[in-house]
Amino acid sequence: MANEHKIDINKRDNTGKKAIKQLRKDNNIPGVYYSPTSKESAPFYISQGEYHEAVKSGARIFNINVDGKKQTVLFKSVQYHPVTEKVLHIDLYGIKMDKPVNIKIPVQLTGSPIGVIEEGGVLNQASNEIEIQCLPADIPEFVETNISELNLGDSINVGSIDLDENITLVTSEDTVLASVTHAMKEIEPVVEVDEDELFLDEDGEPIERDEEGKEDDKSDGGGEVKPEEKEKGADSE
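Residues numbered from 1 in each chain as written. Predicted model: local features only at pLDDT ≥ 70, side-chain atom pairs only at ≥ 80, totals over all residues. Heavy atoms only, no water.

1. Some remarks on the environment of Arg 12
Position of Arg 12 among the secondary structure elements: in the loop between strand S2 (10-11) and helix H1 (17-25). A polar contact is formed between the side chain of Arg 12 and the backbone oxygen of Phe 44, at a distance of 2.9 Å. (Helix = DSSP H or I, 4+ residues; strand = E, 2+ residues; numbered from the N terminus. Polar contact = N/O pair within 3.5 Å; in protein donor to acceptor, adjacent residues only side chain to side chain.)

2. Some details on the sheet that holds strand S9 (residues 122-125)
Taking strand neighbours across the sheet as the criterion, the 3 strands line up as S9-S14-S12 in an open arrangement whose pairing is antiparallel. Both edges of this open sheet fall to S9 and strand S12 (155-157), since each of them pairs with a single strand only. Looking at each pair of strands side by side, their axes are set apart by 10° on average, direction ignored. In the sheet, S9 pairs with strand S14 (residues 176-181) via 4 bridges, with the strands oriented antiparallel. In the strand pairing of S14, Gln 125 is matched with Ala 178. (Pairing = 2+ DSSP bridges. Axes fitted to C-alpha atoms, helices over the stretch in contact; angles between N-to-C directions.)

3. With respect to the packing of aromatic side chains
The full count for this structure, using the stated rule, is 3 aromatic pairs. Plain terms: the ring middles of Tyr 34 and Tyr 93 are 4.8 Å apart, the flat faces sit at 25° to each other, and that makes the pair stacked. Here Tyr 93 lies in strand S7 (residues 87-94) and Tyr 34 lies in strand S3 (residues 28-34), a separation of 59 residues in the sequence. Residue class for Tyr 93 comes out partly exposed when judged on its relative accessible area of 33%. With centroids separated by 5.8 Å and ring planes inclined at 75°, the aromatic side chains of Tyr 51 and Phe 75 adopt a geometry described as edge-to-face. Here Phe 75 lies in strand S6 (residues 69-80) and Tyr 51 lies in helix H2 (residues 48-56), a separation of 24 residues in the sequence. Accessibility expressed as a relative area gives 6% for Tyr 51, which makes it buried. Judged by relative accessible area, Phe 75 falls into the partly exposed class, the value being 22%. Through a chain of ring-to-ring contacts, three or more aromatic side chains come together here, namely Tyr 51, Phe 62 and Phe 75. (Phe/Tyr/Trp six-rings, centres within 6.5 Å; stacked < 30°, edge-to-face > 60°. Buried < 20%, exposed > 50% of the residue type's maximum accessible area, 1.4 Å probe, protein only.)

In structure tokens form, the structure reads like this:
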């Protein structure tokens, strides 16, 4: 049976951009709760600490209070910052314990493939999670499958995962879960440099080089520009 965890959320009246920005500045996470019985939704916010405690609990089902009433919810969507990976937004979906729900759960691979140990192959896990359907109380923390018998060139599909009878697989059975492939060899490119190679300037003209490889100075006057000449140039602009 899935574990449950209580989280404290706070009603959010101001939904403007400035208010959301201030919430995040104060180390809070804005979110929206969606009711299981209607199309109604309720904005809320939760502290970063409260969210991380919920994650650490390992629970998949959470209890909250909405307008003084206890509601059972799932974390349906979590939005992260693309650089810092800080949580930016959360969607909570209300559920009923007697109705099946669709949810994604992680897949753990067990064992060491023969193709890796004896044949020098590399293990590639193409899918880290699968989508299932079941009653909320039957949601597993994860599912696992053994890959010890995979030889070099073999693959295993999602359909081979052994699920309980009360769990229905939603992800396509043909989806590749993992495979053992040949290790790719890294080849360093060899760049050949022609000593007589010509370098062109912005006008497409060859740049002449002296024996030490320095560019010849083709400026008319040579040397540095005098301060009074710089000022004239500035005034003429």
